[in-house]
Amino acid sequence: MEITVANATCGNVQNITFSLTTNQLTGILTDHLEVLDLFRGENIEKGTIHYKGVPDCKDDPLLWKNQVAFLSVFETEPNLSTVKEWIRWYCYEYDIPLSNLDEVVADSFETMELSQDLLIRKWSTLSSSEQFWIRLALITIRNPKVLILEEPFSVLDDKGKEKLKRKLKRLSEKPGRIILIGSRNSDTIAETCEKVILFFHHSCVKVGKTNELFTEDVESLIEKGVTLPKTISFVHKVKQEKKIRLMYQIDILDVIKDVYKHVSTK
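Keep in mind that what you see is a predicted model, and the values were worked out from it rather than measured. (Residues numbered from 1 in each chain as written. Predicted model: local features only at pLDDT ≥ 70, side-chain atom pairs only at ≥ 80, totals over all residues. Heavy atoms only, no water.)

Trainee: Please set out the pattern of salt bridges residue by residue, giving values where relevant.
Mentor: Going through the model one piece at a time under the given rule, you end up with eight salt bridges. One salt bridge connects glutamate 113 with arginine 166, and the closest N-O pair in it is separated by 3.9 Å. Highlighted residues: glutamate 113 in the loop between α3 (101–111) and α4 (128–142) and arginine 166 in helix α5 (residues 158–172), separated in sequence by 53 residues. A salt bridge links glutamate 191 to lysine 165, with the shortest nitrogen-to-oxygen separation between them at 3.0 Å. With a gap of 26 residues between them, glutamate 191 in helix α6 (residues 186–192) and lysine 165 in helix α5 connect regions that are remote in the sequence. The exposure class assigned to lysine 165 is buried, which follows from its relative accessible area of 19%. A cluster of three or more residues bridged by salt bridges with shared partners is formed by Glu113, Arg166 and Lys167. (Salt bridge = Lys/Arg side-chain N within 4 Å of Asp/Glu carboxyl O. Helix = DSSP H or I, 4+ residues; strand = E, 2+ residues; numbered from the N terminus. Buried < 20%, exposed > 50% of the residue type's maximum accessible area, 1.4 Å probe, protein only.)

Written out as structure tokens, the structure is:
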């Protein structure tokens, strides 16, 4: 199963053409996150979106509600008191059966390594990271075919980021599931995703496998205004200023090994 977007315009972003496949973490690196509105079924002015054999489903609100889960750290929640009340509202909103809710929530909290004590907390007292993990836990209850995350790492500390990478990898392994991460942070995308779609200056710049996309034709990416991962920027600077023939690599340990090998042969 895959989602194919063809010749779409969403807000100020034009010429949007790419495909998303199952069991692969795909990232959108962009300076305009409004492109993610494609998967809310919003602001799509033209073009087509093919999903599950439907020729064009961009105007199908039930599909977006039932099949696609959108998680943004910028969204606000209804003014409810406790986390448990908020969970009941969420289940009602997305038609999740309430008959065995306590058991299902307990399982989802365990999956996300969350304490049951959070259930009696007031939502307003939770940290941004706690709110994020609860939202993600509830999304696993919905079991969507498509999961879209907007800047998910921005509210997490280093330990939380590593945890999320593990959880997303496991979620992506479920047969038939598509996961897309949208971010302005090139390091986050490069370290997490297997495939990357670049959107800069209101258009699609390039699509490809992460390692190939960021390590081949770096000069072209710079000319197009693409924000490079720190390791790629470092290697580029060294190559330009020190005339050292290092390889472009995303993993910092690989860069260090390459630098050491170069220095040790002097």
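Still more to cover.
Trainee: Run through the nonpolar core, naming residues and quoting values.
Mentor: In terms of nonpolar packing, the biggest core is built from 54 residues, with Ile87, Phe109, Phe132, Ile134, Leu136, Leu198 and Phe214 touching the most fellow members. When residues in this core are grouped by element, the largest group, eight residues, is from α4. Setting aside anything within four residues of it in sequence, one finds isoleucine 87 in contact with Leu101, Val105, Phe109, Leu119 and Leu138. Residues Ile3, Cys10, Leu36 and Phe39 belong to the second largest nonpolar core, which totals 25 residues. (Core = buried A, V, L, I, M, F, W, Y, C linked by side-chain atoms within 4.5 Å. Contact = heavy atoms within 4.5 Å.)

Trainee: I'd like a description of the packing of aromatic side chains, backed by residues and values.
Mentor: All chains considered together, the criterion is met by six aromatic pairs. Look at phenylalanine 18 and phenylalanine 199: their rings are 6.0 Å apart centre to centre, the planes differ by 75 degrees, and that puts the pair in the edge-to-face class. On the criterion of sequence distance, the pair formed by phenylalanine 18 in strand β2 (residues 13–21) and phenylalanine 199 in strand β8 (residues 195–200) is long-range, its members being 181 residues apart. The two residues phenylalanine 18 and phenylalanine 199 agree in class, both being buried. On the basis of an interplanar angle of 40 degrees and a centroid distance of 6.4 Å, the ring pair of tryptophan 86 and tryptophan 89 is categorised as tilted. Of this pair, tryptophan 86 and tryptophan 89 are both found in helix α2 (residues 83–93), three residues apart, which corresponds to roughly one turn of the helix. Overall, the relative accessible area of 1% leaves tryptophan 86 in the buried class. An aromatic cluster is present here, built from Trp86, Trp89, Tyr90, Tyr94 and Trp123 joined pairwise through their rings. When the ring centre of tyrosine 94 is taken as origin, the NZ or CZ atom of arginine 142, which lies over that ring, is 3.8 Å away. When the ring centre of tryptophan 133 is taken as reference, the NZ or CZ atom of lysine 163 above it lies at 4.1 Å. (Phe/Tyr/Trp six-rings, centres within 6.5 Å; stacked < 30°, edge-to-face > 60°. Lys NZ or Arg CZ within 6 Å of the ring centre and 35° of its normal.)

Geometry only, nothing functional implied.
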